[in-house]
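So the chains spell out like this:
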Amino acid sequence: MQPQRLRCEHLENPLGIDVTRPRLSWLVEERSRKSEVRGQQQTAYRMLVASSPELLAQDRGDLWDSGEVCSDQSTFIEYDGVPLQSRMRCFWKVKVWVTSCAPPNPAAASAWSEAAHWSMGLLAQDDWSAQWIGSPTAAMVEPAPLLRKAFALERSITRVTAYISGLGYYELSLNGRKVGDRVLDPKFTRYDRRVLYVTYDVTAQVRAGANAVGVMLGNGWYNYHVKNPWHFDEAPWRDKPRLLFQLEIEYADGSTQAVVSDGSWQHATGAVRFDGMLNGEVYDARLVKDGWDTAGYDDSAWAAAKVVDAPKGRLVAQMIEPIRIVEVIKPISLTQPKPGVYIYDLGQNLAGAARLTVTGPAGTAVKMQYAELLHPDGTLDPTNIDTFCESGEFQTEHYILQGGGTETWQARFMYYGFQYVQVTGFPGEPTLENLVGLVMHTDVANAGGFECSNALLNRIQHCNRWSYLNNFHGYPTDCPHREKIGWTGDAHIAGATGLYNFDPMAVFTEWLRDFADEQRPSGELPGIIPTGGWGYERWGGPAWCSALVLIPWYMYQYRGDVRILAEHYEIMQRYVDYLTESSPDGINGQGMGDWFPAKTETPVDLTSTAYYYTDALILSRIAEILGRHADEVKYAQLAAAVRQAFNRRFFDPDTGQYCGGTQTADSCALYHGLVEAPELETVVRNLAANVVRNDQHLDCGILGAKSVLHALADNGQVDLAYQLAAQPTWPSWGDMVRQGATTLWEGWNADVGTHNHVMLGDISAWFFKVLAGIDTDPEGPGFKRIIIRPRLAGDLTWVRAHHDSLHGRIVCNWQREGSTLTMEVTIPLNTTATVHVPASDPAAIRESGNPVATSAGVKFLGLEDGAAIYQVGSGYYRFTVG
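The sections below set out a description of the structure shown in this document.

About the thresholds
Residues numbered from 1 in each chain as written. Predicted model: local features only at pLDDT ≥ 70, side-chain atom pairs only at ≥ 80, totals over all residues. Heavy atoms only, no water. Pairing = 2+ DSSP bridges. Helix = DSSP H or I, 4+ residues; strand = E, 2+ residues; numbered from the N terminus. Axes fitted to C-alpha atoms, helices over the stretch in contact; angles between N-to-C directions. Left-handed = near helix turned anticlockwise from the far one by under 90°. Contact = heavy atoms within 4.5 Å. Nonpolar A, V, L, I, M, F, W, Y, C, P; charged D, E, K, R; others polar. 1 Å grid on protein atoms, 1.4 Å probe; cavity = no way out; pocket = protein on both sides within 12 Å on 5 of 7 lines; lining within 4 Å. Points joined across faces, edges and corners; volume = space filled by probe spheres on them. Phe/Tyr/Trp six-rings, centres within 6.5 Å; stacked < 30°, edge-to-face > 60°. Buried < 20%, exposed > 50% of the residue type's maximum accessible area, 1.4 Å probe, protein only. Core = buried A, V, L, I, M, F, W, Y, C linked by side-chain atoms within 4.5 Å. Salt bridge = Lys/Arg side-chain N within 4 Å of Asp/Glu carboxyl O. Parallel < 35°, antiparallel > 145°, perpendicular 65-115°, else oblique. Expected span 1.5 Å × (residues − 1). Polar contact = N/O pair within 3.5 Å; in protein donor to acceptor, adjacent residues only side chain to side chain.

A word on the sheet that holds strand E46 (residues 858-864). A sheet is described by the order of its strands in space; here 5 strands give the open sequence E38-E39-E43-E47-E46, paired in mixed fashion. On the outer flanks of this sheet lie strand E38 (774-776) and E46, each paired with one strand and no other. Across the sheet, the mean angle from the axis of one strand to that of its neighbour is 25°, orientation sign disregarded.

Written out as structure tokens, the structure reads:
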């Protein structure tokens, strides 16, 4: 046994962090097989943190030796050693003591984990000696700047570290080679509040003697020059691209040297002639400056770089997984709908770009355009996504050949949403080998999988996962083409889906700091974050901006992160207080409601007030967790008052319905816990009747698409909820699949909105929670305690699902064959679970072939809702019924 998957602030071996008391986590055991040992629990741990790998190898923690701590905690343990300073390197490992339920069960010590590490960034402004530099010209929009500096290393080096912020985007190279595999860096922030920098260990890319560093800059969000409805072209931070760079060299003799951006750098332009958000990129390969980022390059004709003003935002470390090219997709077909017009079909709606391979005469101009639909004549149709590009071309690239051989090119500072690429101007006849799709998104780890006997649900799961990742580029977005904006409603609606399927914790942590940057003194928030000032007033409101409360709460529920609650408590409190000021008589009518309903609209004040209630209730619970007892009482009372006001305003006791009984209205009241107990059965019955009247179809938008399925399944109507989830005809997720969707759409209609949106993307979380039955337990957040409660819905004959929690893999697989049900459950070490086995007679249940009463580590708790309930510890369990 050995601790695995060591993490620091959600990340593996992060460089340049700026958290001075970072939290450390590990798995006690990463289980990929069925464990024969049950009920294993960590009883103690010991962590060592050293200033060098050599000291750590000697079991010496000169920075921190926790000693043997009697605790079962293995996540988010706060560093408590020598105060951390700028540039420090920290190497750490952990060992644990584990016991089991099987006698004899004395605690046994594990081996030490493999070593992990983190390093500190530049924690103070005076750690920076670099200056911001950029182009010496006056034009706001110009070809991408190239900035270079030659330098020499004369002695033996031990470490070289680069710190860089290049706005809007940068590409860093040393001695002719790109540094790292990041793209579209750094993350978009409100640049007049915060600017992110990135740390690299570049020791392997420098050498004794002559060296050179080169940086190419793109406009990105910093110089968003395209006219658009959100006015990013008028953002208060907008300015020309600029660079801050600091290279720190440590020599073997203990001396140091710094190479920093300043007025001694040289500037020119190269092959990237144009780049613009929404527009695209223009690249003239005839203008490539070969070797421009190498030491021997002659830059005598270059101009001096200009020292420019620093952005107003404070410099902070970027502590998220980078955006990378995570997959290369080959096209499935190539057609020529018109002479000289070629359409590549990637077979998958994706976020990224294309990589072109071409041979032809110098000066040949190849044009590539990206979209997710085709016209009936087979040509590209961007009309559903080009709506908001108010100047210039949309998702279009121009590549001008250098000539003289085979050329391969891809855009540096752009990503698009597309399934189809239209190519014109190609020299000769292209083949399938001339173009591939590059999938780009924040490279978050996979954390879950779901499949079942219903092929349609499996396709919906595929669409949901792709939509989520296609909308994850340093922050959650609504779509990867038309807007690329951080709509808060889309993010919280799909929040649980993200946490079941992936590990978005670092990105969520960073994005929530954008909320603090955007919040007005009144507490008001915009509907898009980050923003240049647009999105307050009608575009926010509780149904969207509750992301500030809901996402930290989900992070606590699904990962057990308490610090995120404490870090944002004051801004959450300010926001809820703002809602109170804006809600006469306890009713809030702000913002957007059930966006893009299939047929029937639901009043905004109902949905906004429901989210206002949930915000107040969650804030009361957070106050309790943080020991703020006066606030706990205050917000609990507020929630109770809003609940009363909600029912006074919206509930009709004569009909037992809310606001005329729309699906969204009734399900919203149920999902948010607003229905009074005496009316619960009636409201559930009315919601079910509405669904049946609609021939087992949904009639709702973004909010109802989440609340209807949960409200039905949580109130005894799981078969009806399953019928909605598996419905193949309009309006439904299945109708999207039937029409060829590979991602989720913005709405239920194919001819309205985009075809790569995540706003209807809670259904995957519903698959995990309801059909697979993997759920969190409020008594043990972060899956420290687990609920396994699969619902055997409709015609499903089997489900296989897993979730990789911070404690290890949770598995629930079940299968029905005739009258026999088999449930296979795996519970990770250092956790416990409550398992609901669907059976009315406990005597009919066996575990691993034996009567349950004789099974080690299985305790019968009782019967409830047609299931026998058992308490179990870690291990593998096989329950059979019938």
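Additional details are given in the paragraphs that follow.
What follows covers the packing of helix H9 (residues 569-581) against helix H10 (residues 604-625). Remark: H9 packs on H10, axes separated minimally by 10 Å, with the N-to-C direction vectors making an angle of 145°. Helix-helix and strand crossings are classified by hand; for H9 and H10 the assignment is left-handed. Contacts between H9 and H10 involve Tyr569, Met572, Gln573, Tyr575, Val576, Leu579 and Thr580 on the former and, on the latter, Tyr612, Asp615, Ala616, Leu619, Ile622 and Ala623. Tallied by class, residues from the contact of H9 with H10 come to 10 nonpolar, 2 polar and 1 charged.

What follows covers empty space enclosed by the protein. Following the criterion strictly, the structure yields 5 cavities of 30 Å³ or more and no others. When its volume is computed, the largest cavity comes out at roughly 160 Å³. Lining the largest cavity are 15 residues, and of these Arg7, His10, Ser25, Asp503 and Leu806 lie nearest its centre. For the lining of the largest cavity, the secondary-structure elements that each account for two or more residues are strand E1 (4-8) and strand E2 (23-27). With 4 residues, the single largest contributor to the lining of the largest cavity is E2.

What follows deals with the packing of aromatic side chains. Scanning the entire structure with this criterion turns up 50 aromatic pairs. Ring geometry for tyrosine 468 versus phenylalanine 502: centroids 5.8 Å apart, planes at 20°, classification stacked. Within this pair, whereas tyrosine 468 is found in helix H2 (residues 455-470), its partner phenylalanine 502 is found in the loop between helix H4 (495-501) and helix H5 (505-518), the two being separated by 34 residues in sequence. Like tyrosine 468, the residue phenylalanine 502 is buried in the burial classification. Measuring from ring centre to ring centre gives 5.3 Å for tryptophan 733 and tryptophan 748, while their planes differ by 80°; the resulting arrangement is edge-to-face. Separated by 15 residues along the polypeptide, tryptophan 733 in helix H16 (residues 733-738) and tryptophan 748 in the loop between H16 and helix H17 (763-771) bring together distant segments of the chain. Take tryptophan 733: its relative accessible area is 0%, and that puts it in the buried class. Exposure remark for tryptophan 748: the relative accessible area of 2% places this residue in the buried category. Feature note: the residues Phe188, Tyr191, Trp221, Tyr222, Tyr224, Trp230, Phe232, Trp237, Phe388 and Tyr475 constitute an aromatic cluster, connected by ring pairs.

Further remarks concern the nonpolar core. Burial of nonpolar side chains together is a common tendency in soluble globular proteins. Of all hydrophobic cores here, the largest spans 255 residues; its most connected members are Trp118 and Trp733. Excluding its chain neighbours within four sequence positions, the residues that come into contact with tryptophan 118 are Cys8, Pro14, Ile17, Pro22, Leu24, Val49, Tyr79, Leu84, Met88, Arg89, Cys90 and Trp92. If you look at the next biggest cluster of nonpolar residues, it comprises 26 residues, including Leu147, Val160, Trp265 and Ala305.

Attention shifts here to the pattern of salt bridges. Tallying each qualifying case throughout the model produces 50 salt bridges. Of the charged contacts in the structure, one is a salt bridge between arginine 7 and glutamate 12, with a shortest N-O distance of 4.0 Å. Among the residues examined, glutamate 12 registers a relative accessible area of 55% and is labelled exposed. With a shortest N-O distance of 3.6 Å, aspartate 865 and arginine 789 are connected by a salt bridge. Taken together, the residues aspartate 865 in the loop between E46 and strand E47 (867-872) and arginine 789 in the loop between strand E39 (785-788) and strand E40 (798-805) connect sequence positions 76 residues apart. Here arginine 789 falls in the partly exposed class, since its relative accessible area comes to 29%. One network of salt bridges, with partners in common, ties together Glu9, Arg21, Arg23, Glu78, Asp80, Asp561 and Arg563.

Direction vectors running N to C along helix H14 (residues 702-713) and helix H15 (residues 718-725) enclose 150°, while the axes themselves pass 7 Å from each other. As judged from the angle between their axes, H14 and H15 are roughly antiparallel. The handedness of the crossing between H14 and H15 is left-handed. On the side of H14, the interface is formed by Val708, Leu709, Leu712 and Ala713, while H15 contributes Val718, Leu720, Ala721, Leu724 and Ala725.

Once that is clear, we can look at H9. The terminal C-alpha atoms of H9 lie 18 Å apart, and with 13 residues this matches the ideal 18 Å at 1.5 Å per residue to within 8%. Those residues of H9 that fall on the buried side of the exposure criterion are Tyr569, Ile571, Met572, Gln573, Tyr575, Val576, Tyr578 and Leu579.

Quick look at the environment of aspartate 561 now. Secondary-structure assignment places aspartate 561 in the loop between helix H7 (547-559) and helix H8 (563-567). Judged by relative accessible area, aspartate 561 falls into the buried class, the value being 0%. Taking the C-alpha atoms as reference, aspartate 561 lies 8.7 Å from threonine 75; in sequence the two are 486 residues apart. Apart from the residues within four sequence positions on either side, aspartate 561 is in contact with His10, Arg23, Phe76, Met505, Met555 and Tyr556. At 2.6 Å, the side chain of aspartate 561 and the side chain of arginine 23 are in polar contact.

With that out of the way, let us pick up the environment of aspartate 127. With respect to the helices and strands, aspartate 127 occurs in the loop between strand E9 (116-119) and strand E10 (133-134). Put simply, aspartate 127 and glutamine 246 are 119 residues apart on the chain and 9.9 Å apart in space, counted from C-alpha to C-alpha. Dropping the residues within four chain positions of it, aspartate 127 is found in contact with Ser86, Arg87, Leu122, Gln246 and Glu248. Here alanine 124 takes part through its backbone nitrogen, which lies 2.9 Å from a polar atom of the side chain of aspartate 127.

It is worth spelling out the environment of leucine 217 at this point. Inspection of the secondary structure puts leucine 217 in strand E16 (residues 209-218). For leucine 217, a relative accessible area of 0% corresponds to the buried category. Taking the C-alpha atoms as reference points, leucine 217 and glycine 166, separated by 51 residues in sequence, lie 6.5 Å from one another. When near neighbours in sequence (up to four residues on either side) are disregarded, leucine 217 contacts Ala144, Pro145, Leu147, Gly166, Leu167, Tyr169, Tyr170, Pro241, Arg242, Leu243 and Phe413.

Our focus in this paragraph is the side chain of histidine 672. Among the secondary structure elements, histidine 672 is positioned in the loop between helix H12 (663-671) and helix H13 (680-693). For histidine 672, a relative accessible area of 9% puts it in the buried group. Those residues within four positions of histidine 672 in sequence are excluded, and the remaining contacts are Ala610, Tyr611, Tyr613 and Thr614.

Scope: geometric values only; no functional claims are made or implied.
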